[in-house]
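# Residue-level structure breakdown
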Amino acid sequence: MTQSLEDYLEAIYVISKEDRLACVRDIAKTLDVKMPSVVKAVHELKKLELVTQEPYGPVLLTQKGRRVAGMVLNRHTLLRKFLVKLGVSRRIADRDACLMEHILSAETLDRIRYYTETEK
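Residues numbered from 1 in each chain as written. Predicted model: local features only at pLDDT ≥ 70, side-chain atom pairs only at ≥ 80, totals over all residues. Heavy atoms only, no water.

The next point concerns the overall build of the chain. Broken down by element type, the chain carries 6 helices and 2 strands. Counted from the first residue to the last, the chain has its helices and strands arranged as α-α-α-β-β-α-α-α. Taken against the 2.2 N^0.38 rule, which gives 14 Å for 120 residues, the C-alpha radius of gyration of the chain at 15 Å falls within 12% of a compact globule. Expressed along its principal axes, the backbone C-alpha trace of the chain runs to roughly 50 × 25 × 25 Å. In the chain, 53% of the contacts between residues at least 6 apart in sequence involve partners at least 24 apart. Charge centroids of the chain, computed over 21 positive and 17 negative side chains, lie 2 Å from each other. (Helix = DSSP H or I, 4+ residues; strand = E, 2+ residues; numbered from the N terminus. Rg over C-alpha atoms; globule rule 2.2 N^0.38 Å. Contact = heavy atoms within 4.5 Å. Lys, Arg positive; Asp, Glu negative; His and termini not counted. Charge placed at Lys NZ, Arg CZ, Asp CG, Glu CD.)

Two side chains of opposite charge can pair, provided their charged atoms sit close to one another. Inspection of the entire model under this criterion finds 6 salt bridges. When the shortest N-O distance is used, the salt bridge between Arg-20 and Glu-18 registers 3.1 Å. Judged by its relative accessible area of 39%, Arg-20 falls in the partly exposed class. (Salt bridge = Lys/Arg side-chain N within 4 Å of Asp/Glu carboxyl O. Buried < 20%, exposed > 50% of the residue type's maximum accessible area, 1.4 Å probe, protein only.)

A word on the packing of helix H2 (residues 24-31) against helix H3 (residues 35-47). Closest axis-to-axis distance for the H2/H3 pair is 9 Å, and the angle between their directions is 110°. As far as their axial angle goes, H3 and H2 are roughly perpendicular. Residues Val-24, Arg-25, Ile-27 and Ala-28 of H2 lie in contact with H3, whose contacting residues are Met-35, Val-38 and Val-39. (Axes fitted to C-alpha atoms, helices over the stretch in contact; angles between N-to-C directions. Parallel < 35°, antiparallel > 145°, perpendicular 65-115°, else oblique.)

Turning our eyes to something else, we now look at the side chain of Thr-62. Note on placement: Thr-62 falls in the loop between strand S2 (60-61) and helix H4 (63-85). A distance of 2.8 Å separates the side chain of Thr-62 from the backbone oxygen of Glu-49, its partner in a polar contact. Not counting residues within four places of it along the chain, the set of residues in contact with Thr-62 comprises Glu-49, Leu-50, Val-51 and Thr-52. (Polar contact = N/O pair within 3.5 Å; in protein donor to acceptor, adjacent residues only side chain to side chain.)

Tallied over the entire structure, the rule returns 1 aromatic pair. Relative to Tyr-115, the ring of Phe-82 has its centre 5.6 Å away and its plane inclined at 85°; by these criteria the two rings are edge-to-face. Highlighted residues: Phe-82 in helix H4 and Tyr-115 in helix H6 (residues 106-118), separated in sequence by 33 residues. Here Lys-85 stacks its cationic end above the ring of Tyr-115, 6.0 Å away from the centre of that ring. (Phe/Tyr/Trp six-rings, centres within 6.5 Å; stacked < 30°, edge-to-face > 60°. Lys NZ or Arg CZ within 6 Å of the ring centre and 35° of its normal.)

When a protein is soluble and globular, its nonpolar side chains tend to lie buried together. Ranked by internal contacts, the top residues of the largest apolar core, which has 20 residues, are Leu-9, Ile-12, Ile-27, Val-38, Leu-45 and Val-51. Only helix H1 (3-17), H2, H3 and H4 provide two or more residues apiece to this core. The element contributing the most residues to this core is H1, with 6 residues. When near neighbours in sequence (up to four residues on either side) are disregarded, Leu-9 contacts Met-1, Leu-45, Leu-50, Val-51, Leu-61, Gly-65, Val-68 and Ala-69. Within the second largest apolar cluster, 8 residues are counted, among which are Leu-78, Phe-82, Leu-83 and Ala-97. (Core = buried A, V, L, I, M, F, W, Y, C linked by side-chain atoms within 4.5 Å.)

This brings us to the confidence of the model for the chain. Across the chain, the average pLDDT comes to 94, with 98% of residues at 70 or higher. Per-element averaging of pLDDT across the chain places H6 at the bottom with 92 and strand S1 (residues 51-52) at the top with 98. (pLDDT = per-residue confidence, 0-100.)

In structure tokens form, the structure reads like this:
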């Protein structure tokens with residue numbers, strides 16, 4: 001899955017966790033993209049069986065989609081927490097975590113998790 005699709009999946013997950021339906025318009029606003037880009041991404045996520053959507057309806061995560069999105073969000077949250085702990089501002093840490101979450105190895109993430117949980 002591409003970094004972009006992971007970002008779409010994470011956005012759908014976050015919107016859904018706020019007890020809202022993830023409509024194309026809301027996803028576009030969250031990611032600051034155009035609605036046709038969301039439609040294309042949702043089509044790709046459907047092919048991967050991560051979301052479902054009736055025509056013009058909200059985008060719903062499948063069980064597999066919730067699992068994958070949860071993993072993406074957990075990586076993001078871990079990295080943001082780590083960067084803030086290093087003294088990076090929350091705004092920059094959030095932006096950088098979004099970039100880093102797609103490229104770091106599982107080993108590196110495990111070491112960051114260990115450091116973040118054990119350091120005071």
